[in-house]
Amino acid sequence: RARVRRERARRHPVARVSASSRPMSSQDLRERFFATPLVTRSLAASAWASVVLNIVTAGAFDDLVCASPHDIVRRGQVWRLVTSVLYVPSVISALFLSFILYRLCSGWERERGSLRMAHYFLLGVVGANAATTLLAVLLAPFAPSLMAHTYVCAPGIQSALFVLCARIALGYPGPGVNLFGRSDLFVAAKRIPILLFAAFVLLGARPVEAAAAVGVGVLWAQGKLKRVTPSDARLQQLERARALRRVVSASGYVSCAAAGPAMPVARAPAEPAARGF
């Protein structure tokens, strides 16, 4: 019998293929999806759901949720400051955002906690859209297209990511940062906002949106948004609330108590170094 099995294995080498070389099954994808932190995978799932809804409704869903300075100011549709997180204009955008979420935000969420990460995204989306709307109103006499009904802000997830990147880059203490860890590529702290602005524009942001993201990041890093930023103790208290019990027990939820502290507030002498992201 052993000789027969060896002969079959010789004639059918496919049977000896290891499990690691097999294509990923739907079960493997499902396990990987639920192993991703809760907020990150929820944002990625919402991006693809938005693409599907936009196709089914022939673009009506995007018109309902996107952020536009014209609609926010002249029509009073302030909910667009938040709902733009569901605005994903194309499949390519969904692919790009899903990749960035998986590569960056999953690590941030494991380090900071799910509830804190949800707050960061909410603050980033609302702050970026509000700052873009404010700049559009101020610059409308010189660039009327900013207040046209056809002007639409960037996807909310993208805006929040830019704000978070600006917040992290501007939060480093010291005289500046070394790009890519190289000492010969030193950027002084006062030039970091300019570098971020250029990087965001190269990544596809309009100049107004790039300036808004950098501006919100600067205010956040300097501790000017403290009133809308819950403390670590407050987040842990919310995690113990009955209303969030199902969320806290969901697969992939990262407790703020088990994660690291908030981002530190840099270049703010009145704040101790242990506070803050």
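Everything discussed here concerns the structure shown above.
These remarks concern the structure in this document. Quick caveat: nothing in here was measured; it's all calculated off a predicted structure. Positions within a chain are numbered from 1, following the residues in the order the chain's sequence is written. In keeping with the model being predicted, local features are shown solely for residues with a pLDDT of at least 70 and side-chain atom pairs are shown and tallied solely at 80 or more, while totals for entire chains, interfaces and linings include all residues. With hydrogens and water set aside, each side-chain value is computed from the structure's full complement of heavy atoms.

### Structural notes on the environment of leucine 164
Move 1: Looking at where leucine 164 falls in the secondary structure, it is placed in helix α9 (residues 156-170).
Move 2: Of the residues examined, leucine 164 reaches a relative accessible area of 0% and is grouped as buried.
Move 3: Taking the C-alpha atoms as reference, leucine 164 lies 9.4 Å from valine 214; in sequence the two are 50 residues apart. Helix numbering and strand numbering both begin at the N terminus, where a helix is a DSSP run of H or I of at least 4 residues and a strand a DSSP run of E of at least 2. Categorising residues by exposure relies on relative accessible area from a 1.4 Å probe, with only protein chains included: less than 20% of the type maximum marks a residue as buried, more than 50% marks it as exposed, and the intermediate range marks it as partly exposed.

### Brief notes about helix α3 (residues 38-56)
Move 1: End to end, α3 covers 27 Å across 19 residues, agreeing with the expected 27 Å (1.5 Å per residue, within 8%).
Move 2: Buried within α3 are the following residues: Leu38, Val39, Thr40, Arg41, Leu43, Ala44, Ser46, Ala47, Ser50, Val51 and Asn54.
Move 3: Two residues or fewer past α3, alanine 58 is found with a positive phi of approximately 55°. A helix is expected to reach a length of 1.5 Å times the quantity of its residues less one.

### Describing the packing of α3 against helix α7 (residues 91-112)
If you want to describe how two helices pack, look at the angle between their axes and the distance between the axes.
Move 1: Axis definition: a line fit to C-alpha positions, over the contact stretch in the case of helices; interaxial angles, taken between N-to-C directions, run 0 to 180 degrees. Their axes nearest at 8 Å, the elements α3 and α7 cross at an angle of 175°. As judged from the angle between their axes, α3 and α7 are roughly antiparallel. Contacts between α3 and α7 pair Leu38, Val39, Thr40, Leu43, Ala44, Trp48 and Val51 from the former with Val91, Ala94, Leu95, Ser98, Leu101, Tyr102, Cys105, Ser106 and Glu109 from the latter.
Move 2: Its residues assigned to classes, the contact of α3 with α7 comprises 12 nonpolar, 3 polar and 1 charged. In this scheme, roughly parallel covers angles under 35 degrees and roughly antiparallel covers those over 145, while 65 to 115 is roughly perpendicular and the rest are oblique. We call two residues contacting when some pair of their heavy atoms lies within 4.5 Å. All amino acids are sorted into three groups, where Ala, Val, Leu, Ile, Met, Phe, Trp, Tyr, Cys and Pro are nonpolar, Asp, Glu, Lys and Arg are charged, and the leftover types, Gly among them, are polar.

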